[in-house]
Structure formats: structure tokens, C-alpha cells
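Residue strings, one per chain:
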Protein chains: 4
Amino acid sequence: MLSISGIGFAALPQPVRMTDMILHDREARGFASDNYSGIHPEVLTAIADANHGHQGSYGGDVYTRRLGEVFRAHFGDTARVFPVLTGTGANVVALQALCSRWGSVICADSGHIHVDEGGAPEKTAGLKLLPVAAQQGKLTVPAIRAEARGFDDPHRAQPQVVSLAQATELGTVYTPAEIREIAGFAHDHGMYVHLDGSRLANAAAHLGLPLRALTTDAGVDVLSYGGTKNGLLLGEAVVVLNPAVDRGTDRLRKTSMQLASKQRFIAAQFIALLAGDLWRRNATHANAMATRLHRAVRHDVEVVYPVETNAVFARLPEQALARLHDEFPFYDWDTAAGEARWMTSFDTTPEDVDRFAAAVRAHTRRP
Amino acid sequence: MLSISGIGFAALPQPVRMTDMILHDREARGFASDNYSGIHPEVLTAIADANHGHQGSYGGDVYTRRLGEVFRAHFGDTARVFPVLTGTGANVVALQALCSRWGSVICADSGHIHVDEGGAPEKTAGLKLLPVAAQQGKLTVPAIRAEARGFDDPHRAQPQVVSLAQATELGTVYTPAEIREIAGFAHDHGMYVHLDGSRLANAAAHLGLPLRALTTDAGVDVLSYGGTKNGLLLGEAVVVLNPAVDRGTDRLRKTSMQLASKQRFIAAQFIALLAGDLWRRNATHANAMATRLHRAVRHDVEVVYPVETNAVFARLPEQALARLHDEFPFYDWDTAAGEARWMTSFDTTPEDVDRFAAAVRAHTRRP
Amino acid sequence: MLSISGIGFAALPQPVRMTDMILHDREARGFASDNYSGIHPEVLTAIADANHGHQGSYGGDVYTRRLGEVFRAHFGDTARVFPVLTGTGANVVALQALCSRWGSVICADSGHIHVDEGGAPEKTAGLKLLPVAAQQGKLTVPAIRAEARGFDDPHRAQPQVVSLAQATELGTVYTPAEIREIAGFAHDHGMYVHLDGSRLANAAAHLGLPLRALTTDAGVDVLSYGGTKNGLLLGEAVVVLNPAVDRGTDRLRKTSMQLASKQRFIAAQFIALLAGDLWRRNATHANAMATRLHRAVRHDVEVVYPVETNAVFARLPEQALARLHDEFPFYDWDTAAGEARWMTSFDTTPEDVDRFAAAVRAHTRRP
Amino acid sequence: MLSISGIGFAALPQPVRMTDMILHDREARGFASDNYSGIHPEVLTAIADANHGHQGSYGGDVYTRRLGEVFRAHFGDTARVFPVLTGTGANVVALQALCSRWGSVICADSGHIHVDEGGAPEKTAGLKLLPVAAQQGKLTVPAIRAEARGFDDPHRAQPQVVSLAQATELGTVYTPAEIREIAGFAHDHGMYVHLDGSRLANAAAHLGLPLRALTTDAGVDVLSYGGTKNGLLLGEAVVVLNPAVDRGTDRLRKTSMQLASKQRFIAAQFIALLAGDLWRRNATHANAMATRLHRAVRHDVEVVYPVETNAVFARLPEQALARLHDEFPFYDWDTAAGEARWMTSFDTTPEDVDRFAAAVRAHTRRP
């Protein structure tokens, strides 16, 4: 399955014994999450390329150095990248870099940092969140404004950061103008802007824009850039775009248990993703598969949010949902409302989509 | 360099473009750290084997399930394994599982959790450490006893855990009897025992004992098991050995930002390491290389601690150190004392050792 | 002004020199807050009575012992009282006692713990809050239900506590039945109930009920009992009503910097308040003054919430507000909406109210 | 016992009922702790003077304003005072003001912040402590130097503060020159200096120096100033001496649950203590009583540390200790070593000392 050239291993103590440990069906794919997918082959190749020999740990390696160039090419000359391990970790490091001990963070009430991070922001970093009502997952200036107050009041945890996600938890996408408006409001009120970009590639692919148009050029100060859902084995990054806030991020990464010892392998994966156009190919494909699915089922189910990236949220009758679950893995988003979330990935095939759409149709259409 | 079988990727949107991104010298190796090494080929194979197709994320995959069996085989039927991402992360999760909000942890003043984790135990989990003087890196009952007091005093953070490292930061090894004695004392005083096993494999290889002899059978309650230094790309594990304390570990892992989404790849690596004897082969080889180095240089330099695992601590004249640094990467341990640390790894070759030892000799011997 | 009997001080090194340091107008009173008031004379007497001689610190004194009896008389035989220093401190200690490291707390979005505690719950104790929309400051089961989910999901900070305030930030009062309903729902879902009773006395006075009817008998597990706004110099208490959760509260109090060394003086104040009916006299009077104010102004301004305790929230034209501010201290509650908060206290006089109401009338009535 | 003039209370709803709640022996005094004592009469008078009428809460009162002048008179024009509630609270607020999220604090291993604060620095503020061996309770530059390293190492929590106590836990006193030397070393290494002055008055009285000679003039950046042990009911203060670090202290005070609502009563007490010479009278007297005790018993017991302030540490035979405990309250300091701590207070009388010394003599002298 995998043949590794002998380089460097002639001297190994024992002969290399290949173990065949394929325990799973390598052809089975569903619509549960983009993190159900595996590693893109080019990324796996990059890992193997970076293997053998010794390299400095904790970032003292040539791959991490190269990674700096790669991120500067995407995000501008002042960008500094700090590879980390999980999306939650990226957010918690980034928010600490932007927030004093007495600060708070305005975010969407449907946002990942409030809803799906096990309370890590509060529990590991004492970050107070001020969740506000979002519209289709997106923050608006009026919603932010309602919490942007009490800056001089010691009884109030000072709002110091606005954190938005691009794409949002609901798969929707902010335009650059929308981000700029929010960033302008935030900066006018002395707040910084954090962008949770665990699916930034998908948003950029949707808009047909370079990554910096949605970040550096739109006023974002610090970015959590997501690699895992875009085809990596594991890898996220904190990207400091505003050099004025680049203080302590390297320390906070360690303190937050997000510093990998063999970091060359995180860096190499990101290089594979971002040095060329793999990030965009993967995102474009995943988005296209969601669009294909949307088109195929829109007359059969109620699609709840605009399909802009790689998710389709649909409302189905209870029985139809139950039957679909029997055949395909996916998540119910809001059980009470009969709302399901279907996600596509870089490895979703048109055939996967068509098969799934056919099942949706079969289970929702009346005889 | 790496040929990947076409399975499952015929359908990918674009043809897979191989990138050759080897930026480093794949033959260069030094004595800086066992985490300067790369991925053992069998482990990389396991990653490739686990690739393709969809698998449940966050542990809902067949590799994680199998991993449970593998760890139970090593540590006993009650063992429960929780893969995590960094050694610091493993320790912080494990200690939280054992420690109430008002507890404290007795540890060696030379211990990794006190010295080298950026304050993560205190900063992310509020864990108070009570560092005590260690002997050659090892805790002793008298040293522990001095802090094992004030259990009923609300002004004192209650000592609830004794945390020891096996092997220690100085490469020394506790005998099973020593661990049992410490565990007995701890349990008699109502404290739990945590073992930081980032190099447990090396200790077990040194003693020629199975892993459980040093852990489950010696009274350890929760273990941090280290994979990265033993040949993984990245992977550590919290192993709950005492089922009575298995409460909340899965929650604490998420809260501590240590839950990987594509966990199948962490699990698959650990299976490659532990399903067979790779863990022991790697550790035995690394230890043997340190012993070889020790034997080769012991008449030229003062070796400071017993060489029991894969580290040699040596005292050298300043000039000799400077010259050696010109040729090989390694760390000074105590600059003032002229003390260097030389570490070997699973991929260190006898030739590497001999070349290094010759250089040591050349730079320390008088003309 | 104050003559202190010579007992015990004949032996003092220097003659006691009385200093007259009255810097303020002892007759000026406004409607800003019940914590603008001073110490009730009976409470000050109790402080003086508890003075002289030595008493065990940190609660090892006879006043603290007696206090236990006093609280049991009010809250039942299983109640345990832990005097603390601030309302925020009481809430943070109480919530920690009820919440594991991975838990979260459902509260009103207008609640003091979310709005006015500087983020102390998150920052000092890692407590994640799940604020939900409240109605006139009060939580409802449907609002709680929307967040009472994901108990088995490690990505979600487990909801473990419902925290409600009685009276609420808006001066409204839960009936015992309403508390019981919420507590029933919480307990049915494995959650505990915390009650922030910084103005519990006012609520009980409004309802004409004993304190236990609103707490112990209504299913509350842990109570923050407020003394300061009820006439103390300084003093709050965590009261554990459900003995099953009485683990660690004494430790958490110290850890949370809420343990007074000369605790006898906190205890003595509370005894003065609660051994007799001073708590009710003070609360009843403050409530009556708010009612008097409400009646006097209700035709001149829009009163926004039901006046049930010692606060009147009123909407006024901007100019009227400005003029009133020139004459009396009070707070704007919602500047945008022209909403002011007027609070009465144990020492507010009918004349104070009448003077203020006349000013309200004068500034709001058209010529 | 206490007659309160009717001012302002004619209008109270019910007649004031005086309760006689003296539960303790107002003449009994021991040698357990200076916080076993009560309130100095001048301080109690100040509380009564500050009573009646309304004053702004949370520091918006005239007493707090005046307090600023009083502290500037003692500590220099740049000093800013923040009244807080407990000694632990003062230390935790002060250290947070000086320490970034990734910092650590070098302190004495016998220091109160490490030993007796229930882990509050770690648990509520994530402060990592680096305890070093102290000599008679005092830090030395060599001991500090051993931990003053790794400033650029992300694996190490950066040492950012040196925290020393004056007087120390063992009653010993730093000379101004000693503090200056430590502060010089700290500042040379980019660290700040915190002084835990819960008994600063006793140290200043011992040296016959003004407070600023030991603080502002000796290079201290932030001070925890102790009032409670010096004769207050309750009151400590964070005093920022170096204006460059005066950022966030007011916020951190609230966040750390150390902001009193009726702060006028904390301020008034401190004014009573510090506007005149009460602080020095009380401290001088307490010190003199310890000296008297020391002189009386030094031929009967082994006095372990220099008696410089208001504590005598003595070693006694087990039986003598047991008999003394039957008659007088005091604490064993080190049970194993037979070491007792005897503390004097502002209200200790010469007769108290003589009676106690006679008992010591009786129980230790052979027949």
C-alpha cells in the first residue's frame, strides 16, 4: 500500500515490519462532517517528505520557517503564523492574545466558541463571552452595539474583542464589506477583531477571493486558520495579522498546550495546503458538492439557510430523517425542529451526492 | 518516494499533484532531543492505512475502539485510554481528573510539570504545585512527607496527588518497588498517584518489564503515556488505571483543548506502536545508543547521572562544549555547571554515536 | 458621638485619642442604590458588642458558632452557613460548589452574575454562563429548557446549575411556586439550583413569607444570602441548603479570597440582622418606600416593571432626567431608552420620597 | 455600652431596639495570632463617624477620596491606593497587575502566598509560583537568581515578579538596603517587585522608619498593605507605587471579588489608622510586647528566629507545649520540631505577657 524508500533506515535496529492495520471501509463516506474525512494524498506525501533525519522541535525546523513565507504570501508581510493543534486551541490562544485579564468577547450565540468548545475559553483562559443573537449565523453591528458598552465600568468585563466565524457555523459567508463594517465598528470602540476561520478556505472559495481579502484587508487583527477540515491530518494556526497585537502569542500557545514538539509535520502539511492551490481546490470541490446536493434536494426538503459553502441544513419529516439515518451518517442539528445538517468534504464524490440525494427524495416523496 | 494506491481517489476533483517538498537533510541527526526525530516508518504506514473513507470524528472511529483493547492488554482490564495531543496536555488533563478545585500536587522540583510546561497546569487548570527536592530527578517518601500535611486546613491547598515521572527528566528510572512505596504512602494519606510517562517505554525497556509492572501493578492511578518521543508523529494518551477516578476525563480532554477531530490517526499510530513490540524495540534501541555513548565517553567527561534510559548528562570544559556545539546539535542543561544533555532516539545509529563520541574525545583530551 | 466603655483598654500603650473624622453630610440620602446607605445602628452595636478580647480567627469564634444556629432557625436543620465578603464572592463560591470543572450555569441575561460581576465567575473560577432571555428579570422553564441539553456531549459545557436571583435585578419577585417549578425542572435534568439572594429579604418581605419558603422549601440547593444591602457594614453568606452538595464550600471560600480573618464581626452583624426581625423590618421599610414613590409618580412617568421590592424603574424624557440628576443621585438604567432606576433603602424616609416625587413631578409635568 | 446619637434615625420605621449580644469574654486574650484581636477603639469610632447618610458605593465616597491623600502622604505623590478585603485578595490583585498571562512569581518557600492562601494565586488567577529556599523567612539575591532564568524560553513561565513579605512569616525584617538590593536585581532582569506588607507597620516600627523607606524608596512597585492585623475590623489595600504598572488594578480588584460596596467604611478605618500615628502606636506596642515576652522566656526556651516584630518562635519540650496549650491559645508552627509561634497584638498587655511568660517558665523548668 505504501512503499517507503530506504533512505536513512538501513541503520535501524530491526528490520522494518509492515503491519496491515486497515480496520475500516476506505470507500465509505457520508455527510456527517468534513472532519470525518481523512488526509488529502498531497498532504500525506508532504508528511512523508518531511520525515527522516533530525529537525529542531517546537518550531525550530526548516518547514516552520518556510511556513512563515507561505502565510506572508497569503496574508501580507506583517502576518505571523503560529501552528497549533485544535480549532478550539487556536481560538483560545488568539482570544487571549487580544484580551486582557478583565476583558470580554462579543460573539454570536450560535458561534462555535460559545456552543461547541466545552467551555474551554472560560475554563482555561477566563475569557468571558458576551453572546448576541446572530442572523443566519452572522453577527451584525446592531447586535454587537448592544453589548459594546460599559467600557469604563469596573463592574463590567470590558468588551475588547469581537469574534466572528467565516464561514459561520451555519455555512453562511460574510462579504468583505460586512467584515469591514464590523471591524470598523469594533476598532472605533477600541475593540479588536478575531476571525474564527476553521472554514475560511470554503468562504474564500465561495466568494472567489484571496484569503487576505477576507482577513488582513478587511480589518481582522488575529485569525484562527483551519487546516484539518480542509484536508490535513491535524493542524490549525493562529495568524497574527495586526503586528501591534503580536505580543505573547508564542507564550500563550505553549501555556495553552498547543505547541507540538515535532512541529515540522504540522508545518509541512500546511505548506502542502497553502504553497500551491490545494486549499482552494479542496474547498471549491467541497462547496460544489454541497451545491450539487442542494440543487438535487431543494424541491424535496426545506433548505433552511443559504448554501454558500459545504453545508446544507434541511428540514425533514421525522420519519424521513429516521430512514435516512439508517443509511447514511449525518447529524441532526435541531431535533425539535426536524433540522438536519449535511456536510460535504474534499473527498465527497458526485456519486456520493447523487446516491444521498436519491435517498432523500425516496424518503420524503409521497407515494 | 511515496506511492499511494489509487483507492478511493479516482473520484477526486483534480488529479493528485505530487509536490516534492523535501527541505531538509534527511540524513542529519544529532543528540539534542528524542523529539528531533521523525516518524517511525511503521507508524507512518499505519497513518496511511487509516486514511481514506469517512470515520467518526472525536473518537467515534474503529481505530479508537481498537486502541481501547490494545491499552487494556498492556494495562489491565480496567484501563481506559484517552488520546491527547501534547505531553503537557496529557499531564494537565490527568491532574485535573485527580484533583478537586482546592487541591494541590506534590511533584519533583526538577519535574517537567513544574519546570517546562510554561505554567500550563496553574494557568489553564488552577493546579497548585508543591515542588519538593528530588534526588537524581526522583521523588522520595521523606520529601513527599514534608508537604503531605494540612489536609484539614482550609488555608492550605490540600495535597491530593503525587505526580512522578518515569523515566525522570534526568533519565533515571524508578524501580517498581520505589513506585509502590510512594503510591502506598500517597494512598495512605488520601492522595492519588499520577505518573508522567512521556518516556515510560524507555523505563520499561531499561527494566525489562511490561508497562503494567510500572503502573497498574505499582499503584498508579492515572498515567500520561507518551507516544511522540517513542516514534509517533504526534500522540500522547491519558490512561485511567484506577476506574474509581474515571470521572470527567473525557470532558476535561475537550475542555483542555486536547481532543483531536480526526482522532483515528492518533489511535492508528498508537496501535502501530503498542499492538506489537514497536514501543519496546524503539525504546530499547534508543537506550542502547545512550549506553553506547556513555561507554565511549565516560573516561573523557564526567557523567553526572546514572545512564538508565536514552539520556547522557555530562560535564565538560567550556571550550570543549563550544567546539562540540559547532558540530552537533544538543542542549546545555546547566550552563553555569558546564553540564550538557545528550539524547538518543529510535533512529540514532551506532555510527552517529561513534562519530559524536570521537568528537567528544577530540575536544576534551589534552594534546 | 460614640462613647466606648473603657473595658480592656486601660492597658493600651497610649491614651485613646478620639478623632472626629466626619467628612460627609450624614443627612443626605438619594435613590441611587441600597448600598449607598450605611450601617443600621443595631448592627453597629453588635459590632461593638463583639469587640474586645481575643476570639479565634477565620470562623473559630463564638459568634460564628451562634450564627450557625441562627441560619438553621431560618433555613432548616441541614443548612450550613459560610460568611463571605461580597455578593460576587458569594455567587462564585456557591456556583463552584455546585459545578464541576466542565460544567456550565444557566442564568438570566439580565442577571447580576452575567452583567455586573466583572466576569469574576469566568475569570476566577472558569464558570461558563449560559445566559437566556429573561422576562422582567425572571427565568422561565421554557427559556431554561432551550439550554438544558447536550448533557452527554463533551463539546458542550454541561449545564449543571440553574442560577436565579430573588429579588431580580429588576426588583421583581418569583413566587414560591415559580421557584419550585424551576427547581423541579432543574432537578429532573440533573441540575442544581442556586439562588442569588442579595435582596432575598426584600422578596420575602414583599411576599410576607419566611425565608425558607423561598429557598429550602422551594428546592434551592445553595443560596447566596445578602446582608450588606439589608443594613450591614459588609457581609454576605453562602448557605448550603442541600447537604448533599456541602462538599468543599469551606475550601472554596478561602480559595476565592472570601474568608475574613476577624470573622466574628461578620457573624455578629448577621446575628443582629437575623436573630430578631431586623432583616424584615429593614426590607419591609425599604419596600414600602419604593411603593410610596411608585404611587407618587405613576401618573407622571412610565413605570417599566412591577414595583415589588425596593426599586422603581421609570422612563422619563431626557430633559427631565437631566434636571433630576442635578438634584438627586440615581442611576440611569438604559440611557438609550431614557430609563432610570430609583432605589430605596432601610434608611430612606417618607420625607425623602416625597421630596423626590415632587421633583419628578415638577420636571415631568408640562407647564 | 455603646450609645449612638439619634442623628438621622428619627425617621426609621421602627424604634431601634438595642440587643445585647456579647457572647464572649471581652477580657480574654492569648498569643495565637494578631488577628484574634478585635477593632481598635479609634477605628471603631471612625466607622461610626462614617455612618449615616448616603455615600457613593464602590469607592465613590469622600472617605475613599481622602484615603488617596493619606496614602500619598505616606508613600509619595505617585501612589495609588485600592482598598480590598483580605490579605490574600490584596496579594492576588497586586500580582495580577504585575504579571502577564504567561508570567511567574519568585517567592519564599515559607511565604504566605505559597503556604497559606489555599492556592488562591494559582486557582483564581493562574499565577505560577516559583518558591525558593528562604533564610529566616527572607529571600536573598542568590536564591532569586537561581530561578531568574529562561526569560526567552516559551517552555518556562517567565519570571516577572519577585514577591517578598515585610515582615516575613517568621517575624523577621528586611533592611531597606536588603530590599533595594533585591529590587535592583529584579529590575535589572526585567522583573517587578511586590511586597506583601500584611505586617509592614510592624517592620517599620521595628526599624523606626517611615513606611516609604521600606517601599517606594526601596524600589517596590506594588504593595499589599495590611490593616486588619494592625487594628482594623477588616481592610487591606493594594498600593501601586510605580505608576507605570497602574494599569488594570481597579478592574482586577472587581474581578477578584475584592471590591466592597460600602467602601467608605474600609476607607474610614484606614484613615483612622494612617492619618495620625495609630498604625505606629499599635505596631510599636505589639512589637514591644513580643520583645518583653522574648526577654522573659529566652533562658527557658530556645527562641528560633530573631524577634524583630510581634512574633516569638520557640522550641519547647512536648509536655511543656501540651501544658501551655491547656492554658493559652497559640499555634504550633512545626509540630515535629516542637516549635511554637506566639504572637502579640495591639491589645496585648504587659500583664498578659507576664502571666504567659510565668507559665512558660513553670512548664519548662525542671523541679
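See the structure above.
Here's a quick rundown of the structure. Computed from a predicted structure; not experimentally measured. (Residues numbered from 1 in each chain as written. Chains lettered and ligands numbered in written order. Predicted model: local features only at pLDDT ≥ 70, side-chain atom pairs only at ≥ 80, totals over all residues. Heavy atoms only, no water.)

**With respect to the sheet that holds strand β10 (residues 311-315) of chain D**
Residues and elements named next belong to chain D.
Then, number 1: Pairing within the open sheet is antiparallel, and its four strands lie in the order β9-β10-β12-β11. Two strands close off the open sheet at either side, each with one partner strand: β9 (302-303) and β11 (331-334).
Then, number 2: Of the pairings in the sheet, the one linking β11 to strand β12 (residues 339-343) comprises three bridges and is antiparallel in character. Opposite D334, over in β12, you have E339 as the bridge partner. (Pairing = 2+ DSSP bridges. Helix = DSSP H or I, 4+ residues; strand = E, 2+ residues; numbered from the N terminus.)

**What about the interface of chain B and chain A?**
Interfaces are often sized by the accessible area lost when the parts come together.
Then, number 1: On the chain A side, the residues contacting the 95 residues of chain B number 95 residues.
Then, number 2: Contact between chain B and chain A buries roughly 8600 Å² in total, counting both sides, with carbon and sulfur atoms accounting for 60%.
Then, number 3: Between the two partners, chain B and chain A, sit zero salt bridges.
Then, number 4: Summed over the shared surface of chain B and chain A, the result is 51 residue pairs in polar contact (both at pLDDT 80 or more).
Then, number 5: Mapped onto the side of chain B that touches chain A, the elements with two or more residues apiece are β1 (2-4), α1 (41-49), α2 (62-75), α3 (87-98), α5 (120-125), α9 (249-255), α10 (264-274) and α11 (278-297) of chain B.
Then, number 6: No other element matches the eight residues that α1(B) contributes to the side of chain B that touches chain A.
Then, number 7: For the side of chain B that touches chain A, the class distribution of residues is 41 nonpolar, 34 polar and 20 charged. (Contact = heavy atoms within 4.5 Å. Buried area = accessible area lost by both parts, 1.4 Å probe. Salt bridge = Lys/Arg side-chain N within 4 Å of Asp/Glu carboxyl O. Polar contact = N/O pair within 3.5 Å; in protein donor to acceptor, adjacent residues only side chain to side chain. Nonpolar A, V, L, I, M, F, W, Y, C, P; charged D, E, K, R; others polar.)

**A closer look at the interface of chain D and chain A**
Then, number 1: Every contact between the two is made by 21 residues of chain D and, on the other side, 21 residues of chain A.
Then, number 2: Across the chain D to chain A interface the summed buried area is about 1900 Å²; carbon plus sulfur atoms make up 55%.
Then, number 3: Three residues, R101(D), W102(D) and R251(D), lead the burial of chain D against chain A; their summed loss comes to 46% of the area buried on that side.
Then, number 4: Where chain D touches chain A, the interface holds zero salt bridges.

**As for the environment of Y331(B)**
Residue and element names in this part refer to chain B.
Then, number 1: Structurally, Y331 can be placed in strand β11 (residues 331-334).
Then, number 2: Once the C-alpha coordinates of Y331 and A32 are considered, the two residues, 299 residues apart in sequence, prove to be 5.6 Å apart.
Then, number 3: Ignoring sequence-local partners within four residues, the contact set of Y331 consists of A32, Y36, A340 and R341.
Then, number 4: A distance of 2.6 Å separates polar atoms of two side chains, one belonging to Y331 and the other to Y36.

**Here we look at the packing of aromatic side chains**
Then, number 1: Enumeration over the complete set of coordinates arrives at 52 aromatic pairs over all chains.
Then, number 2: Aromatic side chains F330(B) and W342(B) sit 6.1 Å apart centroid to centroid with 85° between the ring planes, which places their arrangement in the edge-to-face category. Taken together, the positions of F330(B) in the loop between α12 (318-327) and β11 and W342(B) in strand β12 (residues 339-343) put the pair 12 residues apart, joining distant regions of the chain.
Then, number 3: Overall, the relative accessible area of 6% leaves F330(B) in the buried class.
Then, number 4: The buried category is assigned to W342(B), whose relative accessible area is 0%.
Then, number 5: Ring centres of Y305(D) and F313(D) lie 5.3 Å apart, and the angle between their planes is 80°; on these two criteria the pair is classed as edge-to-face. (Phe/Tyr/Trp six-rings, centres within 6.5 Å; stacked < 30°, edge-to-face > 60°. Buried < 20%, exposed > 50% of the residue type's maximum accessible area, 1.4 Å probe, protein only.)

**Looking at the relation of the copies chain D and chain A**
Then, number 1: Once chain D is rotated about the relating axis by 180° and shifted along it by 0.0 Å, it coincides with chain A to within an RMSD of 0.0 Å. The transformation just described matches what one would write down for a two-fold rotation axis. Closest approach to the rotation axis within chain D is made by the C-alpha atom of R101(D), at a distance of 3.9 Å.
Then, number 2: Comparing contact sets, 100% of the residues at the interface of chain D also lie at the interface in chain A, consistent with an isologous, same-surface contact. (Least-squares fit on C-alpha atoms with pLDDT ≥ 70 in both.)

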